[in-house]
Each structure stands twice: as structure tokens, then as C-alpha cells.
Amino acid sequence: MSEDFIAVLANPHAGRGRHRGLLPGVLDTLGGAGLPVRLLTAGTGAEAEWACHRAVEEGATALVAVGGDGTVHRALQAVAGRPVGFGVVAAGTGNDFADAVGVPGEALKAAEAITAALTAGRDHRVDAARVTSAAGGDRATGTAGGDRVTGTAGGQRWFCAVLAAGFDALVNERANRMSRPRGPRRYDLAIALELARLRAREYHLVIDGTEHTVRAEIVAIGNGRSYGGGMRILPGADLTDGLLDVIWAAPLGRVGLARLKPRLRHGTHVTDRRVTVRRAKRITVRAEGIVGYADGERLGPLPLDVTCVPGAIRLLG
């Protein structure tokens, strides 16, 4: 019979390594719950995800992700829809899910909150988004650092924050194909290159059974309200309402997109008459030449089918 334990997935490179020295304290704090703490070892993103699945299969009471949205995304694949507690210690460059659910900004305080929840035997449920390939087959996959991770049967993946399917997805895809320059400058260059070839695409959306055909440069589906480290693309999204939010904008052009982008930080772009927001349980998005990204991770080419699964995450803290 397997022994109960707390599994911890930590990304030493999260937040460009700024929080690496806090990990011993986080592990010590989690040990206060009275259970063994097991630090998962992995050299790649694919190995990290496999280690999370293995820990859950071996009887982990809780899985704690120490890192940013990418680390949370990896761990989420093993706990969504499962009777396993999920804790988050925000230590990344982008912590959109952690911010949305109120995780303390200080790592040790977040670990203390997780420990208290485990000790008291409590959690609270938040929604997760389940993604499958609408084209059939196993196309919904995740990648990080060149790793390819295939989802479960039918290409199923989960995400907790936002799925980008427009300009931001194109930027991510281009940046991932580039080897230089390194760091944030690579994304700056990718943005400039994609702006130079910006064009509106035809999207086919099915929103709770109702079909929409739109031309747009921005399309996103949110379980949470923000992505990219605080861009509030869907400011009204609620992780506990059992629904997804979807947004698209009428063709903006380079100037219009540049003017709209700064408003994303405050979520005021949704008041623009060219912007449409809808709320639904299930959304299918289809367009040519787009690869979807969720929680900053590569899922796979559109079409993708997204369903909100209420209470799929047993959040600790």
C-alpha cells in the first residue's frame, strides 16, 4: 500500500532563477503538514509532467507547483479532475493563475497557506478548461524547451488561465522557432516580425452550439482573466462560474492593435466597440495557420474544442 506524501514540482529556472534559494524553506514549511515531502526530479518539461503523473499514481495526497504558469500547466495535467489537492507557490515571470486565485505573493506565505489547508483537510474547487482536437486524432499537445508532450486519449489537455488563438499565439509560435536572440529580446523581435505580416484571419467559432464566422486578429478563450504576466484579456472571467469567456476583435490593423494592446493591462479594451466577449460552457475555435497556446504552453494547431469542467481543481491554500 502506498504511503501518503506531498509531491513538489519546482522549476529552478522560473522567474529567471530569482526564487531558487527559497525552495528549501518552502519544502520545510510543507513538511509541517505531517506528511513526507517528495521533490520531483526532471531534466525537461516532458519529464516533469511524467513525474507528476507518476506521483499521483503512487498516491500523492497533494501536488505543489513551485514556479510560473508553465510549471502550473505541467502539474495541472496530473491533478485536474482527480481527487488530489493542488497547491501553487508563485515563483515565475508570469503567475496569472496564482494571481487569479489569490495565492500569496511571498513564497513562504503561500507554502504556509497550503500547509494549513492540508492540516485542516480542506480545499476549494476552481474550474479548469479541458481541450481536445476538434479535428480528431492526437493533435492537442504541449511543448516547452523543445519537448513534445502528448496528451491523454484523444489529445486531451487541461489549462487554467487563457488559450491564445490569435496574434499572441503567432508571436509565441515564431519565438519558439527562433534560437536567437535569447531572453525577452527574442519575443520583442517576434512581435515586430509578426506585426509586419499582420492580417485578419477568418475564424469559425462554435459557442454552445451557435456558429459564428468572424474576421479577427485577436481571439482568446479564458478560464481565468489574464495571460502574459498580467494582461487582462478577459477581465470578467471567473474561475468558479462553470463557464469560459471568449473574446475577439474586429480587424484592427497595425495601428489599431498597437493602440489596443496597452489597455489589456487594465482590461479596459473590452469597452471598445470592435471587441466582442461571450460566455459559454463549450467553445470550438477553427482557423487556418494558427497554433493554440494555453498558459504559455503550445497545445497544437486549430481547430481545438474547449470545455469548462466546473470544480476540476482541488485548490489548497
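Everything numeric in this text was worked out from a predicted model, so none of it was measured.

Calculation notes
Residues numbered from 1 in each chain as written. Predicted model: local features only at pLDDT ≥ 70, side-chain atom pairs only at ≥ 80, totals over all residues. Heavy atoms only, no water. Helix = DSSP H or I, 4+ residues; strand = E, 2+ residues; numbered from the N terminus. Rg over C-alpha atoms; globule rule 2.2 N^0.38 Å. Contact = heavy atoms within 4.5 Å. Areas by Shrake-Rupley, 256 points an atom, 1.4 Å probe, with all protein chains shown as cover. Lys, Arg positive; Asp, Glu negative; His and termini not counted. Charge placed at Lys NZ, Arg CZ, Asp CG, Glu CD. pLDDT = per-residue confidence, 0-100. Pairing = 2+ DSSP bridges. Axes fitted to C-alpha atoms, helices over the stretch in contact; angles between N-to-C directions. Salt bridge = Lys/Arg side-chain N within 4 Å of Asp/Glu carboxyl O. Buried < 20%, exposed > 50% of the residue type's maximum accessible area, 1.4 Å probe, protein only. Phe/Tyr/Trp six-rings, centres within 6.5 Å; stacked < 30°, edge-to-face > 60°. Lys NZ or Arg CZ within 6 Å of the ring centre and 35° of its normal. Parallel < 35°, antiparallel > 145°, perpendicular 65-115°, else oblique. Left-handed = near helix turned anticlockwise from the far one by under 90°. Nonpolar A, V, L, I, M, F, W, Y, C, P; charged D, E, K, R; others polar. 1 Å grid on protein atoms, 1.4 Å probe; cavity = no way out; pocket = protein on both sides within 12 Å on 5 of 7 lines; lining within 4 Å. Points joined across faces, edges and corners; volume = space filled by probe spheres on them.

Novice: Could you give me a rundown of the overall build of the protein chain, with the residues and numbers involved?
Specialist: Of the regular secondary structure elements, the protein chain holds eight helices and 18 strands. In summary, the protein chain has a C-alpha radius of gyration of 19 Å against a globular reference of 20 Å for 317 residues, a match within 12%. Taking the principal axes of the C-alpha coordinates as reference, the protein chain spans close to 55 × 45 × 35 Å. Considering only contacts in the protein chain between residues 6 or more positions apart, those separated by 24 or more positions represent 71%. Only carbon and sulfur atoms are counted for the fraction: they give 50% of the accessible area of the protein chain, which is about 13900 Å². Where the 40 positive side-chain charges of the protein chain centre and where its 32 negative ones centre are 7 Å apart.

Novice: I'd like to hear about the confidence of the model for the protein chain, residue by residue, with values.
Specialist: Mean pLDDT over the protein chain works out to 89, with 91% of the residues at or above the 70 mark. In this model, residues 137-154 is a region of pLDDT below 50 whose contacts with residues beyond four sequence positions or in other chains number 53 contacts.

Novice: Tell me about the sheet that holds strand β16 (residues 291-294), and name the residues and values.
Specialist: The antiparallel open sheet is built from six strands, whose spatial order is β14-β13-β12-β9-β16-β17. The open sheet has two free edges, formed respectively by β14 (275-280) and β17 (297-301), since each of these has just one partner strand. Averaged over all adjacent pairs, the angle separating strand axes in this sheet is 20 degrees, with direction ignored. Judged from the two bridges that link them, strand β9 (residues 162-164) and β16 form a sheet pairing that is antiparallel. Its bridge partner being in β16, Leu163 is matched across the sheet by Ala294. Along the sheet face, helix α6 (residues 167-177) touches β9, β16 and β17 and points at about 95 degrees away from the line of β16.

Novice: If you had to explain the pattern of salt bridges to someone new, which residues and values would you point to?
Specialist: Taken as a whole and assessed by the stated rule, the structure comprises 14 salt bridges. Between Arg54 and Glu58 there is a salt bridge, with the nearest N and O atoms lying 2.8 Å from each other. The class for Glu58 is partly exposed, based on a relative accessible area of 28%. Across the salt bridge formed by Arg282 and Asp305, the nearest N and O atoms sit 3.0 Å from each other. Of this pair, Arg282 sits in strand β15 (residues 282-286) while Asp305 sits in strand β18 (residues 304-315), and the two are 23 residues apart along the sequence.

Novice: Could you give an account of the packing of aromatic side chains, naming the residues involved and the relevant values?
Specialist: Here the distance between the centres and the angle between the planes together describe a pair of aromatic rings. Counted by the stated rule, this structure contains zero aromatic pairs. In this structure, Arg38 is placed above the aromatic ring of Phe5, and the distance from its NZ or CZ to the ring centre is 3.7 Å.

Novice: Pulling in residues and values, what's your account of the packing of helix α1 (residues 23-30) against helix α5 (residues 107-120)?
Specialist: At a minimum axis separation of 8 Å, α1 and α5 run at an interaxial angle of 20 degrees. In terms of orientation, α1 lies roughly parallel with respect to α5. Crossing angle aside, the handedness with which α1 passes α5 is right-handed. Only Ala107, Leu108, Ala111, Glu112, Ile114 and Thr115 of α5 make contact with α1, whose side of the interface consists of Gly25, Val26, Thr29 and Leu30. Broken down by class, the residue content of the contact of α1 with α5 amounts to six nonpolar, three polar and one charged.

Novice: I'd like to hear about the pairing of β15, residue by residue, with values.
Specialist: Taken together, the four bridges between strand β10 (residues 201-207) and β15 define a ladder with antiparallel strand orientation. Within β15, the position partnered with His204 by the bridge is Arg286. With four bridges connecting them, β15 and β18 associate as antiparallel partners. Bridged to Ile283 within β18 is Val306.

Novice: Break down empty space enclosed by the protein for me, citing the residues and quoting the values.
Specialist: All told, the structure shown has two cavities of 30 Å³ or more when counted by the stated rule. Considered as a void within the structure, the largest cavity measures approximately 70 Å³ in volume. Lining the largest cavity we find Gly166, Phe167, Leu170, Glu194, Arg197, Leu198, Arg199, Arg201, Tyr203, Ala216, Glu217 and Ile290. Residue assignment for the lining of the largest cavity shows that the elements contributing at least two residues are α6 and β10. Taken together, the residues of the lining of the largest cavity sort by class into six nonpolar, one polar and five charged.

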